[in-house]
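Coordinate inspection notes
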Amino acid sequence: MEGVAGIVRWEQVGAGQAMYEEGRKLYTQEINAVVRGAKAAGATELVVMDCHGAGEGFTFNSLVAEDLDPACEFVVQEEWTGYTEFLEQGCDAALFVGMHAMAGTADGVLNHTVHGREWQNLWFNGKPVGETGINAALCGTWGCPVLLITGDEAVCREGTDLLGAGLTTVSVKQGLGMRTARMLPPPRARELIEDGAKKALADLNAVKPYDPGKPCEVKVEYMTTEPPRKLRFQPGVEIVDDRTIVSRADDWWTAWKQFFFAGR
């Protein structure tokens, strides 16, 4: 949600905040732009998954249902990365909308990784990643490639670095700081996003499904000492120091599950 055109303040992405309803509407309309573009490219089944933790009852439920394009279906999930049924059934492609850069990216608007008050840094087999990497690895577990990323210039750069030059990106704003950006007006941004979705789906083989590698080591540096303490008896998880853990397994999905859901 943080990567949507017109969004540049935490108050626009948090449930109960004065500007949240505006943010929800902007978010929903960018999703609709992708749906239109995908439909124009020939997609016959479109499933929208909200991955934004807005808080309260709006966590993974920020879309304005009444305003969604009727050509899609949408999922409200209970736990992020916890609903995988549609991936297991088989998806041709994933299109990431409204993405933000990983924590510590100077020109990343509202940059953070997962829980911005808990996570400092994240690595997959030594590669620094953010939420783009997490979502891409989740999709890649079931052979689904990520073909499109929209958001600010920083996350588009991050996505291309991770997934390669075949990735289609649409930048809707240039970050000038954490809460400062030069942005396209939302109607213009939606035009570009619609075109981007159509372009991305023209070649389903432009990007390979993302696999961080086998075996896989997921390393997390937290901001405080509390999260690692919750994992000190978790099989497969090593406490590296007071704020850092490593989860190791034969593949990314196993390494992710054995610490992420246990520490919730």
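Use the structure listed above.
First, a word on what this report is: a plain description of the structure on this page. (Residues numbered from 1 in each chain as written. Predicted model: local features only at pLDDT ≥ 70, side-chain atom pairs only at ≥ 80, totals over all residues. Heavy atoms only, no water.)

1. Re the overall build of the protein chain
Across its full length, the protein chain carries seven helices and eleven strands. The C-alpha radius of gyration of the protein chain comes to 18 Å, within 12% of the 18 Å expected for a compact globule of 264 residues. Each of the 264 residues in the protein chain was classed as buried or not, and the buried ones make up 50%. The long-range fraction of contacts in the protein chain, counting pairs at least 24 apart against all pairs at least 6 apart in sequence, stands at 65%. Carbon and sulfur atoms provide 47% of the accessible area of the protein chain, an area that totals close to 12200 Å². Computed over 25 positive and 37 negative side-chain charges, the inter-centroid distance for the protein chain is 4 Å. (Helix = DSSP H or I, 4+ residues; strand = E, 2+ residues; numbered from the N terminus. Rg over C-alpha atoms; globule rule 2.2 N^0.38 Å. Buried < 20%, exposed > 50% of the residue type's maximum accessible area, 1.4 Å probe, protein only. Contact = heavy atoms within 4.5 Å. Areas by Shrake-Rupley, 256 points an atom, 1.4 Å probe, with all protein chains shown as cover. Lys, Arg positive; Asp, Glu negative; His and termini not counted. Charge placed at Lys NZ, Arg CZ, Asp CG, Glu CD.)

2. Some words on the sheet that holds strand β8 (residues 180-183)
Strand order in the open sheet formed by four strands is β3-β6-β7-β8, and the pairing between neighbours is mixed. The outermost strands of the open sheet, each flanked by one partner alone, are β3 (94-99) and β8. Between one strand axis and the next, the sheet turns through 25 degrees on average, direction left out of account. One ladder, built from five bridges, connects strand β6 (residues 146-152) with strand β7 (residues 168-177); its direction is parallel. (Pairing = 2+ DSSP bridges. Axes fitted to C-alpha atoms, helices over the stretch in contact; angles between N-to-C directions.)

3. Brief notes about the environment of Trp253
Tracing the backbone shows Trp253 in helix α7 (residues 252-260). For the pair formed by Trp253 and Val172, sequence separation is 81 residues and the distance between their alpha carbons is 31 Å. Those residues in contact with Trp253 that sit more than four places away from it in its chain are Thr81, Thr84, Leu138, Thr141, Trp142 and Phe261.

4. Let's talk about the packing of helix α3 (residues 131-141) against α7
Contact geometry of α3 with α7 gives a least axis separation of 10 Å together with a crossing angle of 125 degrees. Taken as axis vectors, α3 and α7 run oblique relative to one another. Seen along the crossing, α3 lies across α7 with a hand that is left-handed. Residues Ile134, Ala137, Leu138 and Thr141 of α3 touch α7, and the partners they reach there are Trp252, Trp253 and Trp256. Split by residue class, the contact of α3 with α7 holds six nonpolar, one polar and no charged. (Parallel < 35°, antiparallel > 145°, perpendicular 65-115°, else oblique. Left-handed = near helix turned anticlockwise from the far one by under 90°. Nonpolar A, V, L, I, M, F, W, Y, C, P; charged D, E, K, R; others polar.)

5. What about the pairing of strand β4 (residues 119-124)?
Where β4 meets strand β9 (residues 216-222), five bridges bridge the pair, whose relative direction is antiparallel. The residue of β9 that forms the bridge with Trp123 is Lys219. In the sheet, β4 pairs with strand β5 (residues 127-128) via two bridges, with the strands oriented antiparallel. Note that in β5 the partner of Trp123 across the bridge is Pro128. The hairpin formed by β4 and β5 contains two residues between the paired strands, and Asn125 there has a positive phi angle of roughly 50 degrees.

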